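If you want the building blocks of each chain, they are given just below.
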Amino acid sequence: QVQLVESGGGLVQAGGSLRLSCAASGRTFRNYVMGWFRQAPGKEREFAVGINWSGGMTYYADSVKGRFTISRDNAKNTVHLQMNSLKPEDTAVYYCAADFRISSRLDDITTPNYWGQGTQVTVSS
């Protein structure tokens, strides 16, 4: 079992930045793929970013590519998401996730086996 706890969400103005963190506990000795999904009001949950265990492979949804950067520190069992140049359309609940398949093809991304509780990110116009 894996438990994921997100932090770092908040309210920022458009163009601002936030840094999200996800702390993992439990069976963190497994080399899980980790990442973030997000769900905006009235919309389906969507994949945002993913990273493999080594950090050598990262995947970004087109909507966040070039603005968001994901990284992980396996020694501390954490994953981080640096969010720059935030836009109002980035407003969503962001969910840390673990143990899923990442792919450049969105249709090939599997449903994660582990989810965090979510953290709210609100970007004002």
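Residues numbered from 1 in each chain as written. Predicted model: local features only at pLDDT ≥ 70, side-chain atom pairs only at ≥ 80, totals over all residues. Heavy atoms only, no water.

**A look at the overall build of the protein**
Rules: Where helices and strands are cited, they refer to DSSP runs of H or I of at least four residues and of E of at least two residues respectively, numbered from the N terminus. Within these notes, the globule rule equals 2.2 Å times the number of residues to the 0.38 power, and the radius of gyration is based on C-alpha atoms. Note on exposure labels: buried denotes an accessible area under 20% of the residue type's maximum, exposed denotes more than 50%, and partly exposed covers the range between, all computed with a 1.4 Å probe on protein chains only. By definition in these notes, contact holds between two residues if any of their heavy atoms fall within 4.5 Å. Surface accessibility in these figures is a Shrake-Rupley result with a 1.4 Å probe; residues are shielded only by whichever protein chains are displayed. When charges are counted, Lys and Arg are positive and Asp and Glu negative, with His and the chain ends excluded. The location of each charge is read from NZ of Lys, CZ of Arg, CG of Asp or CD of Glu.
Within the protein, the regular secondary structure consists of 0 helices and 11 strands. Secondary structure elements of the protein, listed N to C terminal, follow the sequence β-β-β-β-β-β-β-β-β-β-β. Whereas a compact globule of 125 residues would reach a radius of gyration of roughly 14 Å, the protein reaches 13 Å, a difference of no more than 12%. A principal-axis box enclosing the C-alpha atoms of the protein has dimensions of 40 × 30 × 25 Å. Taking all 125 residues of the protein together, 44% fall into the buried category. The long-range fraction of contacts in the protein, counting pairs at least 24 apart against all pairs at least 6 apart in sequence, stands at 57%. Of the roughly 6500 Å² that the protein leaves accessible, carbon and sulfur atoms contribute 47%. Each charge class in the protein can be summarised by its mean position, and for the 13 positive and 10 negative side chains these summaries are 5 Å apart.

**Digging into the state of the cysteines**
Note the cut-off: Any two cysteine sulfur atoms within 2.5 Å of one another count as a disulfide.
Applying the stated criterion across every chain yields a total of 1 disulfide. The disulfide partner of Cys-22 is Cys-96, and the S-S distance across this bridge is 2.1 Å. As the torsion about the S-S bond is roughly -90°, the Cys-22-Cys-96 disulfide counts as left-handed. Here Cys-22, found in strand 3 (residues 18-26), pairs with Cys-96, found in strand 9 (residues 92-98); they are 74 residues apart in sequence, far enough to count as distant. Summarising the burial analysis for this pair, Cys-22 and Cys-96 share the class buried.

**What to know about the pattern of salt bridges**
Opposite charge on two side chains makes pairing possible when the charged atoms of those side chains draw close. Under the convention used in this document: We count a salt bridge whenever a side-chain nitrogen from Lys or Arg sits within 4 Å of a carboxyl oxygen from Asp or Glu.
Applying the stated criterion to the full structure yields 5 salt bridges. A salt bridge links Asp-62 to Lys-65; its shortest N-O distance comes to 3.3 Å. What makes Asp-62 exposed here is its relative accessible area of 68%. Among the charged side chains, a salt-bridge network with shared partners connects Arg-38, Glu-46, Arg-67 and Asp-90.

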